[in-house]
Amino acid sequence: MSISTPNAISTPSTSPTITTDALIIGFGKGGKTLAAKLSAAGRKVVVAEASADMYGGTCINIGCLPSKSLILSAEQARRDGANSTPETREAAFEAAIKEKRRVTSMLRDKNYHKLADQDNITVITGRAHFTGPHSVEIATAEGPVAVTASKIFINTGATPRIPDIPGIHTTPGVYTSTGLMDLDDMPQRLVIIGSGFIGLEFASMFADFGTAVTVLQHNAEFLPREDADVAAAIRAQLEAQGVKFLFNADTKAIAPAADGGVRLSVAVKGMTRGASQACDSTPAGTGNAHTDITGATDTTTTTSPTSNPTDHATMSHVQTKPSEPAEARFCLTTDAVLVATGRTPNVEGLHLEAAGVELTERGAVKVDDLLRTTAADIWALGDVNGGPQHTYISLDDYRVVWSQLNGSDRPYTVKDRKHVPSSTFLATPYSRVGLNEREAKAAGLDYVVKRLPVAAVPKAQVMRRPDGLMKAIVERNTGRILGAMLLSVESHEVINIVKLAMDLDAPASTLRDMVFTHPTIAEALNDLFA
């Protein structure tokens, strides 16, 4: 059953009240899985989702799946040479967006009906806010609906974190990842503010489509949490695709450009430039997203091949020294800007204080190891609780909550969760699990480092994908696998084998001696752990 959908049931003019066993606020992975499980157990469930465009949650609508659809289309365009001319680039991008919309629409519809078609589940489309410890009001298109529930589950996800930059909210052409994945026309130039893994995925993808991409990073070190050799390999891969990086870059203002694009005023610390000008003294539209900034102090100039060479000029890698407070300002003019500066828990408008639900210092819903909030019979699942922002963590949060509701003798807790892998879908995917060398050293562990170039893997040569490296950290005396970093084709599949071995406390020799099919990327684990 549904309320406030295209085929909605009518709602009385006076505010109706629904009493239910469980209310789930948000249609994300953990919440929708819990709703189906509760319904199968005979419980009455209400699912409140703020937007009909978000049935199924972030992943299938504006996150993992649409981005991966576009990434695969971009890779195909690169392989086919469809990114070589403006006409073929535009056609490839148009086809990719069309396919992405088809996939998300299909998945959204399936997810909606998977819940709404069940007798025990009512889906209400509208924004929910607490009015008391067990009461919520949902603002639907037909008017407010009051819901009283014995148990409430907050599953509202996260929202993009937008830095306080003048003009960022008002300038056309400035996007979050959601908007950039739904453009009708491909930007010929793209500036990305932020060089975390989300920003890098988009940099790789748009470079494959043929867009000239510049990434602005606020500090001097690229991927500072990763090992230096791994970070260097990732950066080299992106630069080979034509991506340009500008470090120590602070965006001061954003405004419309005279050519219809976007103009950014950028300050670079530790850099001197004789012709440096602020944007307000530079004619709009005269810059290029790959502006020449050579002549900087303490720089390393990098030039990279690109499918769009006329849109690129030399870019310098700027390093700041404490003794050099110098700062150069200049303009970048581009067709589009992606703001990729992280995501923050989505709690705005929930009125959590009405239910006694507290937040952490970082703005997440405060939970314990059972994902219980500070209010009785209210839980928080997924990104909103401040845990790792992955769909599969939201699913695992469901397991934590369900283990408390199904009569289990010993509930599953967050502390029981073992090694969490991650993958970043670059042209050569990067996946890791556990500790890297930097972290193992900081922890004072006695370890050995295992390395293997991907070029030594026969399957990678067969696939014509020999780029990358594999690296593992193994405890010296025990053989315990501490972590692995795989910058390799199909790493997003292989990393799960390493995770399983770690979860089972299998020593490195298990993967060294395991019998794998051939030829596969997975069999490289024999050599990596040798």
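Residues numbered from 1 in each chain as written. Predicted model: local features only at pLDDT ≥ 70, side-chain atom pairs only at ≥ 80, totals over all residues. Heavy atoms only, no water.

Peer 1: Got a minute to help me understand the environment of arginine 399 in this structure?
Peer 2: Within the secondary structure layout, arginine 399 lies in helix α8 (residues 391-405). Linking arginine 399 and threonine 413, residues 14 residues apart in sequence, is a C-alpha distance of 8.6 Å. Within the local environment of arginine 399, its side chain forms a polar contact with the side chain of aspartate 396, the two groups lying 2.8 Å apart. (Helix = DSSP H or I, 4+ residues; strand = E, 2+ residues; numbered from the N terminus. Polar contact = N/O pair within 3.5 Å; in protein donor to acceptor, adjacent residues only side chain to side chain.)

Peer 1: Would you mind going over the pattern of salt bridges with me for this structure?
Peer 2: Proximity of charged atoms lets side chains of opposite charge pair with each other. Evaluated as defined, the whole model comprises 31 salt bridges. With a shortest N-O distance of 3.5 Å, glutamate 327 and arginine 329 are connected by a salt bridge. Taking the relative accessible area as the measure of exposure, arginine 329 reaches 29% and is therefore partly exposed. The salt bridge partner of glutamate 358 is lysine 366, with a shortest N-O separation of 3.3 Å. Its relative accessible area of 41% is what places glutamate 358 among the partly exposed residues. Overlapping salt bridges, with partners in common, bring together Asp227, Asp229, Glu437, Arg451 and Lys471 in one network. (Salt bridge = Lys/Arg side-chain N within 4 Å of Asp/Glu carboxyl O. Buried < 20%, exposed > 50% of the residue type's maximum accessible area, 1.4 Å probe, protein only.)

Peer 1: What am I meant to see in the packing of helix α3 (residues 64-80) against helix α6 (residues 197-209) here?
Peer 2: To describe two helices that pack against each other, one gives the angle between their axes and the distance between the axes. Put simply, α3 and α6 touch, their axes get as near as 7 Å, and they point 35° apart. You can see that α3 and α6 cross each other, and the crossing is left-handed. Across the interface between the two elements, Ser67, Lys68, Leu70, Ile71, Ser73, Ala74, Glu75, Ala77 and Arg78 from α3 touch Glu201, Met205, Asp208 and Phe209 from α6. Considered class by class, the residues forming the contact of α3 with α6 number six nonpolar, two polar and five charged. (Axes fitted to C-alpha atoms, helices over the stretch in contact; angles between N-to-C directions. Left-handed = near helix turned anticlockwise from the far one by under 90°. Contact = heavy atoms within 4.5 Å. Nonpolar A, V, L, I, M, F, W, Y, C, P; charged D, E, K, R; others polar.)

Peer 1: Looking at this model, I keep getting lost on the sheet that holds strand β17 (residues 327-334). Mind explaining?
Peer 2: Strand pairing in a sheet is mediated by backbone hydrogen bonds. Such pairs are either parallel or antiparallel. What the three strands build is an open sheet, ordered β13-β14-β17; its pairing is antiparallel. Across the chains shown, the open sheet's two edge strands, defined by having one partner strand only, are β13 (249-256) and β17. Sheet twist, expressed as the mean angle between neighbouring strand axes with direction ignored, is 20°. For strand β14 (residues 262-269) and β17, the ladder comprises eight bridges, and the chain directions are antiparallel. Looking at the pairing, valine 262 lines up with threonine 334 of β17. (Pairing = 2+ DSSP bridges.)

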